[in-house]
Amino acid sequence: MHTLEVDLGHRSYPIHIAPHLLTRADLLAPHLQTRQVMLVSNTLVAPLYLAPLKATLTSLGHQVETCILPDGEVYKTLDSVNQIFDALLEHRFNRTCTLIALGGGVIGDMVGFAAACYQRGVNFIQIPTTLLSQVDSSVGGKTGVNHPLGKNMIGAFWQPQLVLADTQVLTSLPARELSAGLAEIIKYALLGDADFITWLEKHLPELCAYHSERLGEAVLRSCQAKAQIVAADEREQGVRALLNLGHTFGHAIETHMGYGQWLHGEAVAVGMYLAARMSCALGWLTQAQVARVQALLQAAQLPYLPPAQMQVQDFLTHMAVDKKVLDGRLRLILLQDLGQAVITQDFPISVLHDTLNQVHL
Ligand code: NAD
Ligand code: MG
């Protein structure tokens, strides 16, 4: 088992990574202070994994109640969070209860937000079941829901007591979802860890084949990378923005194509390739390095070219409203080298235009 500590002073917490963690009563017990435990999952994940977890908790003597929400990003709403509150209040859960999120990032974000709000804040535990949620959404304390007028617009920073990343549950993940998680893993390597790039070049075929041990190592390195950045800048006032590598381009794709057509990780993959191309145009990366980025994405079975129907102007329109635009100047995360990202506004806008034009040839 790998364990790492997210270092946030008195709100620090451990992340355990290994197969078969759902039945590890010894890992859960220290973080459950009272009897009341609310297990929250969705209609897809619950039939697969709820029973063993519930049995573990019951064996520890807890009162375990469940709240099963519908599956999907469209249900990441205040209405769903309200269903969690209903369940908590119906069972008369008090301020010392613990919420447990069993699911992907959608469930994790909602349960974290419910925990931040219920009786002004209760404990919660993340058991992320997608690769993306294990390497990204379960680390860092951002919680929340979507509003009809914007994604993730309602939320709070709220840290869990514990994260259990069970690599065994990844075996049931569809290949496309696995690749979407790999995109965020590649992101950590590109933005800050050249050795990790080399490691991925060697091991991506095994990762795509659901190799449990290799996935555990990749989750560990990714969580270490994110935890380090979050510890340095919990509220995204500085370096945390580096985690948005590929995301400004990616959001433009997601918005233009309509959410759900392209998975977030797929859009981010294209975004990282565009960021690499642009970095090359600025003289920071060589063409050989851009080719390495492309090869990494292809090895992860991810796209690297934007959707054919998306025009240059579509990108520019969507990117101009991206939340990373400060004072009217477009701020992008680019690569000064492989393994070294920078936040910059310091580029001629023509380089962005040229990069987008070139990939559309
Ligand atoms: P998701 O939670 O929708 O999961 C994807 C699909 O896989 C769902 O249908 C889910 O039910 C299913 N699934 C989950 N575990 C499974 C398993 N083990 N086997 C088979 N199927 C399984 O999506 P996601 O990609 O995990 O997370 C995306 C969400 O995370 C978005 O809402 C995004 O905004 C959020 N997010 C948050 C942060 C953060 O810092 N809080 C960071 C990144 C993403
Ligand atoms: Mg992301």
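See the structure shown above.
The sections below set out a description of the structure shown in this document. Here the structure is a predicted model, which is why all the values come from computation and not from measurement.

About the thresholds
Residues numbered from 1 in each chain as written. Chains lettered and ligands numbered in written order. Predicted model: local features only at pLDDT ≥ 70, side-chain atom pairs only at ≥ 80, totals over all residues. Helix = DSSP H or I, 4+ residues; strand = E, 2+ residues; numbered from the N terminus. Rg over C-alpha atoms; globule rule 2.2 N^0.38 Å. Buried ≥ 20, exposed ≤ 12 C-beta atoms within 10 Å, placed from the backbone. Axes fitted to C-alpha atoms, helices over the stretch in contact; angles between N-to-C directions. Left-handed = near helix turned anticlockwise from the far one by under 90°. Contact = placed C-beta atoms within 7 Å. Nonpolar A, V, L, I, M, F, W, Y, C, P; charged D, E, K, R; others polar. Pairing = 2+ DSSP bridges. Near = placed C-beta within 6 Å. Core = buried A, V, L, I, M, F, W, Y, C linked by C-beta atoms within 7 Å. Expected span 1.5 Å × (residues − 1). Bend = angle between axes of the 7 residues up to and from the residue. Parallel < 35°, antiparallel > 145°, perpendicular 65-115°, else oblique.

## Observations concerning the overall build of the chain
Each helix and strand counted, the chain has 13 helices and 11 strands in total. Relative to the globule expectation of 21 Å for 361 residues, the C-alpha radius of gyration of the chain, 20 Å, shows essentially globular dimensions. Scored against the burial criterion, the 361 residues of the chain give a buried share of 47%.

## Brief notes about the packing of helix H6 (residues 175–192) against helix H10 (residues 264–281)
Their axes nearest at 7 Å, the elements H6 and H10 cross at an angle of 35°. Note that H6 runs across H10; the crossing there is left-handed. In contact with Ser179, Ala180, Gly181, Ala183, Glu184, Ile186, Lys187 and Leu190 of H6, H10 contributes His264, Gly265, Glu266, Val268, Ala269 and Met272. Looking at side-chain class alone, the contact of H6 with H10 contains 7 nonpolar, 4 polar and 3 charged residues.

## Structural notes on unusual backbone geometry
Although it is not a glycine, arginine 120 sits at a positive phi angle of roughly 65°. Position of arginine 120 among the secondary structure elements: in the loop between helix H4 (105–117) and strand S6 (123–128). Although it is not a glycine, tyrosine 210 sits at a positive phi angle of roughly 60°. As for its position among the elements, tyrosine 210 is in the loop between helix H7 (194–208) and helix H8 (212–232). Accessibility expressed as a C-beta count within 10 Å gives 16 for tyrosine 210, which makes it partly exposed.

## What to know about the sheet that holds strand S5 (residues 98–103)
Spatially, 7 strands are ordered S1-S2-S9-S6-S5-S3-S4 in an open sheet, and the strand pairing comes out mixed. Two strands in the sheet have a free side with no partner beyond their single neighbour: strand S1 (2–6) and strand S4 (63–69). Across the sheet, the mean angle from the axis of one strand to that of its neighbour is 15°, orientation sign disregarded. In terms of strand pairing, strand S3 (residues 36–42) meets S5 through 4 bridges, oriented parallel.

## Describing the site of ligand 1
Around ligand 1, the surrounding shell holds 25 residues, and the nearest of these are Gly104, Gly105, Thr129, Thr130 and Ser137. Of all the elements in the fold, those that place two or more residues in the shell around ligand 1 are H4 and helix H5 (131–137). Split by residue class, the shell around ligand 1 holds 7 nonpolar, 11 polar and 7 charged.

## Things to note about the nonpolar core
One finds Met38, Val40, Ile100, Ile186 and Ala275 to be the most contacted residues of the largest nonpolar core, which totals 112 residues. If one sorts the elements of this core by residue count, H10 sits on top with 11 residues. Setting aside anything within four residues of it in sequence, one finds isoleucine 186 in contact with Leu200, Met272, Leu296, Leu297 and Ala300.

## Examining the environment of leucine 149
Here leucine 149 is to be found in the loop between strand S7 (142–147) and strand S8 (150–157). For leucine 149 and arginine 95, which are 54 residues apart along the polypeptide, the C-alpha to C-alpha distance reads 32 Å.

## Comments concerning H7
For H7, built from 15 residues, the straight-helix expectation of 21 Å at 1.5 Å per residue is met to within 8% by its first-to-last C-alpha distance of 21 Å. Approximately 55° is the largest bend angle found in H7, and it occurs at lysine 202, with the proline proline 205 only one to four residues beyond. Along H7, the residues classified as buried are Phe196, Leu200, Leu204 and Leu207. Against H6, H8 and helix H11 (287–299) lie the buried residues of H7.

## So, the environment of asparagine 244
Counting through the fold element by element, asparagine 244 comes out in the loop between H8 and helix H9 (247–257). Counting along the chain gives 113 residues from asparagine 244 to asparagine 357, while the straight-line C-alpha distance between them is 23 Å.

## Considering the packing of H6 against H8
For the pair H6 and H8, interaxial distance at closest approach is 9 Å and the crossing angle is 55°. The orientation of H6 with respect to H8, classified from their angle, is oblique. Judged by the twist between their axes, the crossing of H6 over H8 is left-handed. For the pair H6 and H8, contact is made by Ile185, Tyr188 and Gly192 and by Ala218, Ser222, Ala225 and Lys226, respectively. Taken together, the residues of the contact of H6 with H8 sort by class into 4 nonpolar, 2 polar and 1 charged.

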